[in-house]
Structure formats: C-alpha cells, structure tokens
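Chain by chain, the residues run as shown.
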2 protein chains.
Amino acid sequence: MPLDSPKDPAIAAKAALDPENFALANCVRALAIDAVNAANSGHPGAPMGMADAATVLFRNHLKFDAANPDWPDRDRFVLSNGHASMLQYALLHLTGYADMTIDQLRNFRQWGAITAGHPEYGHAKGIELTTGPLGQGLAMAVGMALAERGLAAEFGSDLVDHHVYVMLGDGCLQEGIGQEAISLAGHLGLGKLVVLYDDNSITIDGPTSVSFSEDVPARLAACGWHVQSCDGHDGRALDAAIAAAKAETGKPSLIAMKTVIGFGSPNKAGSYAVHGSPLGADEAALTKEALGWSAAPFEIPAELAREWRQIGARGAAAREAWEARLAASADRAEFTRRLSGDLPAGYDAAVTAAREALFAAPKKAATRKASQMALEPLTEALPEMIGGSADLTGSNLTRVKAVDSQYTREAPGRYIGYGVREFGMAAAMNGIALHGGFIPYGGTFLVFSDYARNAIRLSALMGIGTIYVMTHDSIGLGEDGPTHQPIEHLASLRAIPGLTVLRPADTVETLEAWDIAVRNRKVPSLLALSRQDVPQLRLEAGDENLTARGAYVIRQFGEGRDVTLIATGTEVAIAVQAAETLHAEGMTVAVVSMPSWELFDAQPEDYRRATLGDAPRIAIEAAGKFGWTRYVASEDDVIGMTGFGASAPIDRLYREFGITADAVIARAKALAG
Amino acid sequence: MPLDSPKDPAIAAKAALDPENFALANCVRALAIDAVNAANSGHPGAPMGMADAATVLFRNHLKFDAANPDWPDRDRFVLSNGHASMLQYALLHLTGYADMTIDQLRNFRQWGAITAGHPEYGHAKGIELTTGPLGQGLAMAVGMALAERGLAAEFGSDLVDHHVYVMLGDGCLQEGIGQEAISLAGHLGLGKLVVLYDDNSITIDGPTSVSFSEDVPARLAACGWHVQSCDGHDGRALDAAIAAAKAETGKPSLIAMKTVIGFGSPNKAGSYAVHGSPLGADEAALTKEALGWSAAPFEIPAELAREWRQIGARGAAAREAWEARLAASADRAEFTRRLSGDLPAGYDAAVTAAREALFAAPKKAATRKASQMALEPLTEALPEMIGGSADLTGSNLTRVKAVDSQYTREAPGRYIGYGVREFGMAAAMNGIALHGGFIPYGGTFLVFSDYARNAIRLSALMGIGTIYVMTHDSIGLGEDGPTHQPIEHLASLRAIPGLTVLRPADTVETLEAWDIAVRNRKVPSLLALSRQDVPQLRLEAGDENLTARGAYVIRQFGEGRDVTLIATGTEVAIAVQAAETLHAEGMTVAVVSMPSWELFDAQPEDYRRATLGDAPRIAIEAAGKFGWTRYVASEDDVIGMTGFGASAPIDRLYREFGITADAVIARAKALAG
C-alpha cells in the first residue's frame, strides 16, 4: 500500500506493524506538513504524532457518513487539543466532506478560510465544536456523552446509540477543567466516552518532565475510568484498544498512546521545536523521504485517496438503516423536533398562563425564587430542558418538579449534580447544547462566573444557547462577604460579544428573561438573579415581553422628564422609590428598567432615544460602575460600587455603600439643579 | 479534662480516644456554634467536624507564637475551605491572638468586624490569606511551600524551615484548580506541604455521592503524594498521621480524615443541613449537652482557656531562638530586606541605566520582547524576582539570564514551570507573594486570563503585588484565531477593583510598566503585551516615569487641539501615524498614550483634564469598545472591535477589522466636521 518504503529504519519498523494504516496516516501527515508550511504558521507536531491513531479511529470505528454530516446518531469526534487542527481538516478532506476542499487546506489560517488556526464550530461540517482553549474539548465531550445517554433513555437505542471520541494531549490533562470533566465522567460512568491521549512527553516549554510527572492512567483509574496503554503508532494495537474501550460500557475509557511528536521528522521528531512551528521546506522534504512519501505537496496518491473516500462512505448503510428506523418510529416527530431545536406546541400557552398568573396575583420574591417559579411551567412544557447546579441547588433554586430526577450512573434524569465544578459544568452544558436534543441550564453564584468564564466565552463564540443561572448577584448576597459578592462581574460579562446578560427586576421580568433564554437557541443567555426579595413592579397585564426590549420605561412620574433613572434587577425598586419622593417634591421622573444592555442596544435608534430621553440620567446598580458611561454622562452619575464589598447583613451593606434611594435623590437634585 | 462527660455514647466513645484533645476541641465547636447562631448566618458544620484535627495541629505541630504573629519562620496555616472561618477565628481567639477578641467572635459576619464570613487577609493576624473561592487556598499553599523552599535554599534552614498546613474539604478537591495545585506540588515534591482533608461525605446538594465518587487518596498518590487515612475525631491517630506526614520530606502529604460534619449535633450531624445554616438555639443546646459542654455561650471554662493560651505560647522559645539566629546571621540585613519587601540599593540605578540605554539606542520591538529586555536588568538587580510561565515561556519571553535556573524537585531555581495551569499559576504566585521574600511574576496569553481570573481578583482583594505577564494581547496574535485573541479581556480586567492593568506602547513604556509593577508590593499588576513589533515612540530622554501618570500627551501636532487621539499599546503607533496625516492636512492633534486607566484616574483632576483636553476625542484600541465611554463621548468614537476576531495574518486582521490609521483619520474628520 505505501508507495515507497520508509527510508528511516525505525519508522519502517513502525510502519510494518500495520502497513496499510501507516500509508493512510501518511496522507494526514503530509497534508498537515504542507498546510502548516504554506501558512508558515501552525502546529505540525501533534497531527504527525496522532495521525496513526486518528486513522484507525476513522477507518475502523468512528460512525459517520461524510456525505451526511448532520446525521443525528453519528459518533462525535472531539479534537480537544485544537492546535492540532490540521489533523481534523486533513481527515475531513480525505474522507470527503464536501466543504473541506483542498483549497481550504491550502488556505489554512488565512482570512475567510474555514480552516482556522483552531477548529471553529460553524466553519465546516464535521467540526462538532470549537477547541483550542485546553481542557474544554474534553469537558464538552462529557456533555455530549451526557446528552447521548439522556436522549437514548428517552428515544431508545434504535435512534440514539453513539460514542464520543476525544483526542487530547498533556495540556488538556494539566488544565484543572480536564480533571473536573474526568471526575464527573467517572462518577456518572459515561461508558460511551473514549479518550485517546497523545502521550508524547513534549510540552511547549520542553519535555513534559519540566512540569508534569504524574501517572495519568492511575489518576484516571482512581476516578473510575477504564484505562489502557499502547503504542500510538501501532495500528493494530490501537484498533484493539479502541475495541476494548467500546466493550467497556460502564466506565469512560482512556487509551494512553505513547507517541512521538512530529513523527517522521528526522531532525525535529520528539522535540518541542515541532510543536508550534512549521517544519520548513527542507525538513518537510527530509520528513517525507523518511516516511516514504513522494507525492507533491497537497497531492494524495489516487489509491490512497480512493481508500480514504471509502472510509468516508463506510457509514452510509448504517445511516440509511437509521433513517429507516426513524421513519418507522412512533417518536419520529418529537425526535425530529427535539433535534431541530424548535419549541413544542403548548410552550407559548405555558408562558402566557404563567404571565397571567403573575398579573393576577403579584408576588414579592427574590428573582432566584422568581426563576424557580418560572422554571416550573417551562420545564413542564419543555422536556428538552435539563437542569443542574455546581453544588448550589438550594441556593440557585434550579431544581423544580419536572426535572426532579437525578442524573445518575444508573439512569439519566433531568437534573445533573455537576459538583463543585463551575467550569466543568459550563463546558459540559456547551457539549449538551452542541449535541442537540436538550436545552441545558445550570446554576452557580454570579461571582463564580469567574471560574467558568472561558466556557461562557465559548458559548458566545460558537453561538449556542447555553443558559447560565447565576444567583446572589450583588452585595445583596450579604454575610458571605467580598469573596462571594460580585462587583465587576456584570460589566465583564456584558463585555463578552454575543452573550445576552439578563438581570431582571421582578417576577415578571424573570419569567420574560427565561422566555428569551429558552427561545435563543443560537445565543447564550446569562441570568443574574438576586438572593434578596423584591416587590413585583410589573403590574399591568399585557402580552408583550418588555424584557426583550432590553430596557423600557417602567414608571413615569408626571409629564416630561427632569431626570431619568436607569436601573437593573433589585435596584429598579430603589429607583422607583426614589422617583416617588422626587415626584412628591415636584420633579418629573422616568424610571427605566434595563434588564439587558445587549437587547436594548439591538433596538431601533428611535426607541433607544425615546427610552433614555434627553434629561440628565442616573444609573443605579449594586455593582461596579464600569461601562455605565455608555448610558450616563459620567460615573459620578452611577449609584454603584467603587471597590469590593464586605461581610455584613444586606441592609447594612446597601446603606454603607450608599446604594439607596436617598443617594439617588441627592444626585437627581444635583443634576436637575 | 472535659467538665462533663458527653451524653451521647457514640460521642463519648470518640472522646475516650483522646479525652484532652476532645475537651479542647469542644471549645472550638462551642464558639463556632455560638457565633453562627449569634449571626444567624454561617457554616457551623465544618468547624464542628474539623475541630479535633485542628486542635491536634495547633496543639502539637503548628509552629507559631500567638504573641508574634509575623514571625517569618512560622508555619503557615491555610483554611482552604474558607466557609469554615469560625474554626480559624475560634483558634486565633483561644490561642491568644491579641486582635481576635471575644467581641469579634460575637460580631461574626457583622459590618466592621474582622470576623468576615470567609477569612479575609489583612483583617486579623494569623489569617495568612483570603479563602472562600474553593481550591485556591490549596493552590496558594503550594505557592507558600514553593517560597519556603526557595528561601531556605538561599538563607539556610537556620532561618527558613517551616511547614505549610492546609485544611480543606471536598469542594477544594472537586475544583479543577485543586488538581492543578496537586499535580504541581507532587511534581515538585513539596515535602513541607501537609493537607488535612475533611472527608465528611457531605456536599451542599446532599451526600457527596451525588457528584463525587473518586478515590481521592489514589488520585493524589498517582500525582506523587504521600497519602494516609485516619479517623478525623481520633486525636492520637491524627497526631501520628501528622507526624508521619512531616517525616516524609520528599513528597507533599495528604491525610484523608473521615469526619462527621456537624459532629455532636444530635439531629443534624452527618447531614448537609448543618453545612451552611445555624444550628438554632434548641439544637445548639442539645448539641452541647451531647458533647458534655455546659458553659454559657461565648464562655470558655478557665482550665481549658488556660491550656489554649499555653498552646498559643508554645512556640515562643523557638521563636526567640530563631531571633537569636537571625541576629547572629551574616544574612540578617538581606533577609530582613527581602521579607520587608523593600527594594535593594542598586535597583534605581539599574532602572535608570536601562532607560538611558533605550534612549541612546531606540529599538523597534514587540512589547513582549521589550518586557524581556526590561526583565534582564531587573531580575539581575532583584534576587527576589521569581519567574515562570504556564508553559508558554518562548512566547511570553519571561525567562532571562538571571532567572535561568529551573525550579525542580531537586533544587529550587528562579524559574517555575507551572505547566498548562494558568489558574494554578496565578494562585501559586499569590501564595509566593503572601509568604514573603519573593516578587513572583508569571506569563500566559492574555486570553487565558479567563482561566486565572478569580485568582487575579484575589490578588486585588488581598492587596498583594503579584505580577501577571499577559502576552499576545489583541488580534495581533494573528493566525491562532478567535479562541486565542482577547477582545473583552482588557475591559474585564480594568473592571476589577484594585488591579493595575498596564498596556505599554513601546520599549520605554514597557520598562516603566515593569518598574511600576515591581514597586507596587500592595497592588497586583497585569502587563498586556504584544506579539507584534512596534516602533519606539518615546525618544526624548528624561527621568520621569510617564507611564506612572497612566496617560500623557506623547505627541502634539500643532498648537491647540482639533482632536485628541487616545490609544494604548500597539495602537499608539497607529494614532501617531493618523495624527501625522491629519496634521499634514491642517488639523492640530494631540496623541495621548494611555497605558493604564487606573493610574490615570488616580491623577489630580487638573492633570486629567489637561491631558484629555476639550476637543473631540477618539480612542484606538484593538479590543472590545466596552468601557471606553469613560473617556470618549460615544462608542462610535472608538476604533476597536465589535465582535470576536478571526484566524489570519495580523496585517490582514487589522485591515479587515478596520483598526487602521485611515479609520482614525475618517472619524477625526467627521468629528472635527
């Protein structure tokens, strides 16, 4: 099968272990070398080292059909060490994904190409997720495996029965989120998760021994994993290991593959020099010679190309059989709806009923409690909602009747105990959303959005509708003190492009916020919710979701405006209180509730101008003032925090930090002067 | 010793294992119960469960002298599960720390008290660090142990020879950062790190079995730790385990203590109900009866109080002997300087020489390269500087000659390979800074500040001078693409109170930024540095550190101002280029370089007004626009990013995203109208 024999005897010895696999893997290696050289930028080492294993996986195990990349029951392939992107692009091209043309490979890392430096979700079919920030690919894969099991329990293995394969390197295992994912996967016994670890002993700073010397298989075994080790360049050993991993259905599997980074490169193999730099023309030539590869750059010998195309079509029959089963299934409509992300008939009515109930009997409640109230009918109407918390269920109030079934090793329920693993939770939710079939939501304290931050960013970058429930959203958290009181968090979340941050003011806005979040299947939402009670301010019944406007006049005192008070969340009640006093003293005041900056900024200019008005404006928010000058003239016009919080009962904190109606009134008078 | 015998036979059986220790531990339990009840807020369960172990530790092992809490060679005590704060406050009070009065305990969690909900560094002596955000206490402890070993190597074990003891719970072990710390500590064989794990099988959401089922000792053993298990209520077994842990000098030690949360409470022990809620008056009475405790609330029987005071004074002789050794040491002056945080004679001259060299021979360089150039003389002049990187040394350029000695298991060098563990690195640096004797700095990509974010926040909250070196600070990172290009990061870091963010424009500003960072021993600094080259813009020799002004006019074109261009970092050169063209076309332009918002905002109002001027302003920064309305009228006046980046060569990216001199010119003309 190889057109030439490898010149290097050590390489020839490896090739001899499984010559056909070696020849196919050389196609991947050659394309990776060529594309990185053409871009003069990229990471050739990992694709060269992982090519043999990836070839075995795609050739013998991965369930996919390149001509139908959206087949819902395909195996998911996760390249967690995303810098090895050329491995995946080469595989997609070779197996015949229509959009992954050779020109895309030639334009690796160039403007407008779908072949970005790291795999970007949405750029090309077959890229199941965005990777690059290390450890998160693995954690998202855990979410995919959670979704697979949940969906299989609902719809049966005739429709849902696939694996999630992950390739990763040392970095994913050094990152803390890797361990969070490992621990959760082991705890829940995710038997369909199979991880191939590229154990190449090389890290950017040199040999991994500069910073990493643990016994990885023993660590994972301690976390309930099935572990194996093998030669990562021995096709037959790899094949047997993957088969054994699939046979173990009660535990996730690790295959620690001993590999050589930059395999084939006479002068750079086994060195960190090949991690993130092109081989260059000379070494590329030497490498190809050593590998027995004589084709021109970006060319694949016909026989190998044909075989790769056959691999890409290998799953067609299975897919067709699956399509037939789906067509015959009584669950066809519901399964199709669930995978499409469409909301069911009955959802609108559930929201409307919940709205009407609030208008009929207004309630004073913390917005976290209002969130729980909203979740009751929504989770009832939407079987696709799957909840959870990073071990703060009783505080986040994320568990309600319809999801009151724990996701366990034995049975996949609708509530996931993510443990004290905020980052792992966020990434797993991304994986659930990417898999399809579910709308994931999960809770923690707003301050711990810090821990999960890069996963929230990836939700936004990928454009997926993960829902973050972040309670205890200000100094209103009280006695737990400054480590637990968010200050800069609202600003820093609003700064993330493509994330919708919602800080509702009362029960009605909270319901509306949930409705927005649920409908937004391409945009992540983050609900910032209070620990403390607030009155229901929205009392006039009506169908319009005003929160979807981002901001609106919630109270008007008198005609015209001497001042406009803009507030979010729990501080809207303070603004209303201040406005009442100001009006009693003769001023005209508009109070604007602004639950979402992003939604407001997306409104037509006329609406924005009318809402904000021309009068002096004051913003009130129990958080850092950073960013508010988007809407007010100066940070002096923000009634907010200038430093960290403190440990004390809530009323004392608001008073000491001057977030009070009196402070609003004083500033309003000064401005209206 | 106990005044009464425990009423509960199971408790009596535990008490009988070490009656004296049990009686002393009851003092801690009683105070924790009383303070949480008085506050009607807090976490009684963990202090009650860990009291026996903490008593053994303080009584028989911890090297400390309550009358001299700043003794540099004291053992460090880290309560990583900070919600158990009353355990520590009780211990500090009982052992006689002067500031921890009984009134402070009575005012637990109240405004102005030093007894915050979670231990806050700086509130009271004996609180070595702020904890509460889980996992970080352990990671900071790793930094303390790194510092101890490094300082001991420099000054000898006569002056430096102490342990770092950590108490923690399940949460710290579930958080990913916990694993990062565990892995690094095991890798470096930090034998003086001893961890007592409160294995109480309870988490907030219920039994730990809802989310956590791994074999923790096996996991840590796989990471190179010495592990033991014992009964956490058996004083003698605990004593033997701690002794064995100290005897193991080549590995960090874990003691997994099987405990009962809320130990002693008849109706709540062993339940999550006692984790975060007061016992209440009735259950407190029942608990005290069960424990054999009859003293009034906040009262300690005299005999027990006396014994606790003796424990607090137990280390006095050792401290005096240490003082004598220090007095006699040839290293006395240098050791004292190092621990005080004062900079040495010669430092100023080193900075001045470096400045003069830059003015004498201006250099075009990436600011990461300029950082490396600055580090050369600074690390030479400051033996306390200890560097590192989260596995991006060749990219961050953090390694220079004076620190070119790897910190290994065998010998503590001045450069730490933190591995792919950004969060662990940041927290470990905090621990190094808290320990004293070193100025830690460490590098990663700016985008991965996300991973480390809550540790950066803790640097600021604690007020310590950790230095973050964050390179590849914009889309200028190029081909690696959107996952690696920071957009919202500058804004989100500027939003953190008490952090100084510095984005220097050239070699001179970079040197100045380093000088600021090094001098700021009570404020953390974050340097945002470029991948790409920039010209040296500062050409006029002078002594003043203009970067310390935060912003200043770096170029003035003509007299007066038609427009002011404000830029940071690599975009200052673009602003200068645009200004030159505008001036050639007849406009007067001031270019303001603004390396640090925080430093600028701290300037006198006159200076700020004069610098910003009254003319229309435009801001230029290759990052998200969020927050810039602090200085410009509208985000329309910001030449910056509105979404995520892309994968392409740098020049193409700046062009495609419109961050160009042409865009600045067009906007300036529109504004000057």
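This text goes with the structure placed above it.
What comes next is a walk through the structure. (Residues numbered from 1 in each chain as written. Chains lettered and ligands numbered in written order. Predicted model: local features only at pLDDT ≥ 70, side-chain atom pairs only at ≥ 80, totals over all residues. Heavy atoms only, no water.)

Description of the overall build of chain A
- The secondary structure content of chain A amounts to 26 helices and 20 strands.
- Looking at chain A residue by residue over its 673 residues, the buried ones come to 67%.
- Within chain A, contacts between residues separated by at least 24 positions form 78% of all contacts whose residues are at least 6 apart in sequence.
- Summed over all atoms, the accessible surface of chain A reaches about 19,900 Å², with 50% contributed by carbon and sulfur.
- Across chain A, 58 positive and 80 negative side-chain charges occur, with their mean positions spaced 2 Å apart. (Helix = DSSP H or I, 4+ residues; strand = E, 2+ residues; numbered from the N terminus. Buried < 20%, exposed > 50% of the residue type's maximum accessible area, 1.4 Å probe, protein only. Contact = heavy atoms within 4.5 Å. Areas by Shrake-Rupley, 256 points an atom, 1.4 Å probe, with all protein chains shown as cover. Lys, Arg positive; Asp, Glu negative; His and termini not counted. Charge placed at Lys NZ, Arg CZ, Asp CG, Glu CD.)

Description of the pattern of salt bridges
Residues and elements named next belong to chain A.
- For the structure on display, the rule yields 74 salt bridges over all chains.
- A salt bridge links Glu 656 to Arg 652, with the shortest nitrogen-to-oxygen separation between them at 2.8 Å. Of this pair, Glu 656 and Arg 652 are both found in helix H25 (residues 650–656), 4 residues apart, which corresponds to roughly one turn of the helix.
- For Glu 656, a relative accessible area of 36% translates into the label partly exposed.
- By relative accessible area, which is 31% here, Arg 652 ends up partly exposed.
- Here the salt bridges share partners, and the residues they tie into one network are Asp 65, Arg 319, Glu 320 and Glu 323. (Salt bridge = Lys/Arg side-chain N within 4 Å of Asp/Glu carboxyl O.)

Digging into the environment of Gly189(B)
All names here are of chain B.
- In this structure, Gly 189 sits in the loop between helix H8 (176–188) and strand E3 (193–199).
- Taking the relative accessible area as the measure of exposure, Gly 189 reaches 2% and is therefore buried.
- Expressed as a C-alpha distance, the spacing of Gly 189 and Lys 251, which sit 62 residues apart in the sequence, is 4.4 Å.
- Sequence-distant contacts of Gly 189, defined by excluding residues within four places in its chain, comprise Arg 149, Thr 249, Gly 250, Lys 251, Pro 252 and Arg 409.

Description of the relation of the copies chain B and chain A
- Mapping chain B onto chain A is achieved by rotating through 180 degrees and translating by 0.0 Å along the same axis, at an RMSD of 0.0 Å. The operation mapping one copy onto its partner corresponds to a two-fold rotation axis. When C-alpha distances to the rotation axis are compared across chain B, the minimum falls at Gly176(B), with a value of 1.7 Å.
- Looking at chain B, 100% of its interface residues are interface residues in chain A too, so the copies touch through the same face. (Least-squares fit on C-alpha atoms with pLDDT ≥ 70 in both.)

Here's the deal with the sheet that holds strand E16 (residues 552–557) of chain B
All names here are of chain B.
- Across the sheet, 5 strands lie side by side as E16-E18-E17-E19-E20; this open sheet has mixed pairing. Lying at the two open borders of the sheet, with one neighbouring strand each, are E16 and strand E20 (638–641). Between one strand axis and the next, the sheet turns by 20 degrees as a mean value, whatever way the strands run.
- As paired strands, E16 and strand E18 (residues 589–593) are joined by 5 bridges and run antiparallel to one another. Paired with Arg 555 across the bridge in E18 is Val 591.
- Along the sheet face, helix H22 (residues 571–584) touches E16, strand E17 (563–567), E18 and strand E19 (617–624) and points at about 160 degrees away from the line of E17. (Pairing = 2+ DSSP bridges. Axes fitted to C-alpha atoms, helices over the stretch in contact; angles between N-to-C directions.)

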